[in-house]
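Here is what each chain is made of, one letter per residue.
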Amino acid sequence: MTQRRDFLTTAAAAAAGIALPSLARAQAFPSRPIRFICPWPAGGSTDAVIRALAESAGKTLGQTIIVDNKPGAGGMLGANEMMNAKPDGYTLTQLPHGVFRIPHMQKVQYDPLKDFTWIACLTGYTFGLVVPADSPIKSIKDLVAYAKANPEKFTYGSTGTGTSPHLAVEEFAQRAGIKLTHVPFKGNADNMQAILGGHVMGASDATGWGPHVESGKLRLLATYGSKRTKRWPNVPTLDELGYKTVSDSPFGVCGPKGMDRAVVETLHDAFRRTLNDPAVLATFDKYDQSVIYMNTAQYTRFARETFIAEKATIERLGMANKG
């Protein structure tokens, strides 16, 4: 009887063994700090939001999530790092909207549909176009009139070539029949320094410009959402002005391809809980970001659909890679 009982116990363990490795990894994860790449400079709006998310999710996971700023290349350095990262859940990144469109503009290291794990979408930006408060341009109508009279003389900064703040203005300009001059920067902080220092005439960006608008240093001409913002209800959207330009660029947390399902679920659940954290929601409010939640399956489908849609946008703007 003893031998038979031992045999049955061993057989049962062997039968369950298929599920044990994945379960063990999930139970052990995370056993050390996690690195979360922010592909934008420290001090900008995305940096602040990612740090709030990381602190909140880290409490749920019982491990520190270290934010590592890797600015430059239009926010694509996080995507590039995913190509060599181990799919163990210890290296994560924000993947900005540019990851869907830049492959249509130039050669890149990654395939957005094959090389990433889209863990969870959490929020999205409010973008807008600002000018110095003493600028003679007081509205989008003024900007269009100035640009028609002075082609390519109006300079505006953005967070990089191919980013949403860049492409939204290019789409608006095409629909308005005007030509502007784009000046790319590494991120929000650099862009704000440039406009406040008088180096560019305008800036297209997420709401890192908010405090400067409220202090009276900058004037907000328009935002790019589908509806007006709660914070600046008197400022029109480009869409309502007739330029058919809408951009909010949803984003969240992503990892390299090939991640274990149980680890993905653990990370998803931890970051999903951040959307109930008052500290995170307060940071969203500070930068006029709303909750835009998608689970892993929804975020993956969104990535596929957006990649296709961005190809059409890039071709319409005449910015497609001819190679």
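None of these values were measured; they are calculated from a predicted model.

### Considerations on the overall build of the chain
What the chain contains, in helices and strands, is 13 helices and 11 strands. Counting only residues that meet the buried cut, the chain has 53% of its 323 residues in that class. Long-range contacts, defined here as pairs at least 24 residues apart, represent 75% of the contacts in the chain between residues at least 6 apart. Accessible surface for the chain amounts to roughly 14,900 Å². Of this, 53% is attributable to carbon and sulfur atoms. Here the chain contributes 36 positively and 28 negatively charged side chains, and the mean placements of these two sets differ by 2 Å.

### Digging into the nonpolar core
Counting 75 residues, the largest nonpolar core has Val99, Trp118, Ile140, Phe172, Leu180, Leu267 and Phe271 as its most contacted members. It is helix α3 (residues 45-61) that contributes the most residues to this core, seven residues altogether. Residues Val130, Met192, Val200 and Ala203 belong to the second largest nonpolar core, which totals 12 residues.

### Section: the pattern of salt bridges
Scanning the entire structure with this criterion turns up 13 salt bridges. A salt bridge links Lys70 to Glu81; the nearest nitrogen and oxygen atoms lie 3.8 Å apart. Of the two residues, Lys70 sits in the loop between β2 (65-69) and α4 (77-82) while Glu81 sits in helix α4, which places them 11 residues apart along the sequence. The exposure class assigned to Lys70 is partly exposed, which follows from its relative accessible area of 29%. Residue class for Glu81 comes out partly exposed when judged on its relative accessible area of 27%. Where Arg101 meets Glu310, a salt bridge forms, and the shortest distance between an N and an O atom there is 3.1 Å. A residue pair is termed long-range when its members are at least 10 positions apart, and Arg101 in helix α5 (residues 98-101) and Glu310 in helix α13 (residues 296-316) qualify at 209 residues. As far as the burial class goes, Arg101 and Glu310 line up, both buried. Through salt bridges with shared partners, one network takes in Arg35, Asp68, Lys70 and Glu81.

### What about the environment of Gly62?
For Gly62, the position within the fold is in the loop between α3 and β2. Here Gly62 falls in the exposed class, since its relative accessible area comes to 58%. Along the backbone, Gly62 and Arg32 are 30 residues apart, and their C-alpha atoms lie at a distance of 9.2 Å.

### Thoughts on the sheet that holds strand β5 (residues 127-132)
Read from one edge to the other, the open sheet built from five strands follows the order β7-β6-β8-β5-β9, with strand pairing classed as mixed. Two strands in the sheet have a free side with no partner beyond their single neighbour: β7 (181-184) and β9 (218-223). Each neighbouring strand pair of the sheet contributes to a mean axis angle of 30°, computed without reference to strand direction. Bridge count between β5 and strand β8 (residues 202-206): four bridges; the pairing is antiparallel.

### So, unusual backbone geometry
Look at the link from Phe29 to Pro30: it is a cis peptide, with omega at -5°. Position of Pro30 among the secondary structure elements: in the loop between α2 (20-28) and β1 (34-38). Positive phi, normally seen in glycine, also occurs at Ser249, with a value near 45°. Relative to the helices and strands, Ser249 resides in the loop between α10 (239-243) and β10 (250-256). The phi torsion at Asp288 lies on the positive side, around 55°, for a residue other than glycine. Judged by relative accessible area, Asp288 falls into the buried class, the value being 13%.

### Focus on the environment of Tyr243
On the secondary structure map, Tyr243 appears in helix α10. Looking at Tyr243, the relative accessible area reads 15%, which means it is buried. Along the primary structure Tyr243 and Phe172 are separated by 71 residues, whereas in three dimensions their C-alpha atoms are 5.8 Å apart. Apart from the residues within four sequence positions on either side, Tyr243 is in contact with Ile140, Val144, Phe172, Arg175, Ala176 and Leu238.

### As for the confidence of the model for the chain
The share of residues in the chain with pLDDT of 70 or more is 91%, and the mean pLDDT across the chain is 91. For the stretch residues 1-20, pLDDT sits under 50, and the model shows one contact to residues farther than four places along the chain or on other chains.

### Looking at the packing of aromatic side chains
For the coordinates displayed, the defined rule picks out 13 aromatic pairs. Look at Phe29 and Tyr90: their rings are 5.0 Å apart centre to centre, the planes differ by 65°, and that puts the pair in the edge-to-face class. With a gap of 61 residues between them, Phe29 in the loop between α2 and β1 and Tyr90 in the loop between α4 and β3 (91-93) connect regions that are remote in the sequence. For the pair Phe29 and Tyr90, one class covers both residues: buried. Geometrically, the ring pair formed by Phe100 and Trp118 is stacked, given 5.3 Å between the ring centres and 20° between the ring planes. Within this pair, whereas Phe100 is found in helix α5, its partner Trp118 is found in strand β4 (residues 116-124), the two being separated by 18 residues in sequence. For the pair shown, Phe100 and Trp118 are each scored as buried.

The rules behind each value
Residues numbered from 1 in each chain as written. Predicted model: local features only at pLDDT ≥ 70, side-chain atom pairs only at ≥ 80, totals over all residues. Heavy atoms only, no water. Helix = DSSP H or I, 4+ residues; strand = E, 2+ residues; numbered from the N terminus. Buried < 20%, exposed > 50% of the residue type's maximum accessible area, 1.4 Å probe, protein only. Contact = heavy atoms within 4.5 Å. Areas by Shrake-Rupley, 256 points an atom, 1.4 Å probe, with all protein chains shown as cover. Lys, Arg positive; Asp, Glu negative; His and termini not counted. Charge placed at Lys NZ, Arg CZ, Asp CG, Glu CD. Core = buried A, V, L, I, M, F, W, Y, C linked by side-chain atoms within 4.5 Å. Salt bridge = Lys/Arg side-chain N within 4 Å of Asp/Glu carboxyl O. Pairing = 2+ DSSP bridges. Axes fitted to C-alpha atoms, helices over the stretch in contact; angles between N-to-C directions. pLDDT = per-residue confidence, 0-100. Phe/Tyr/Trp six-rings, centres within 6.5 Å; stacked < 30°, edge-to-face > 60°.

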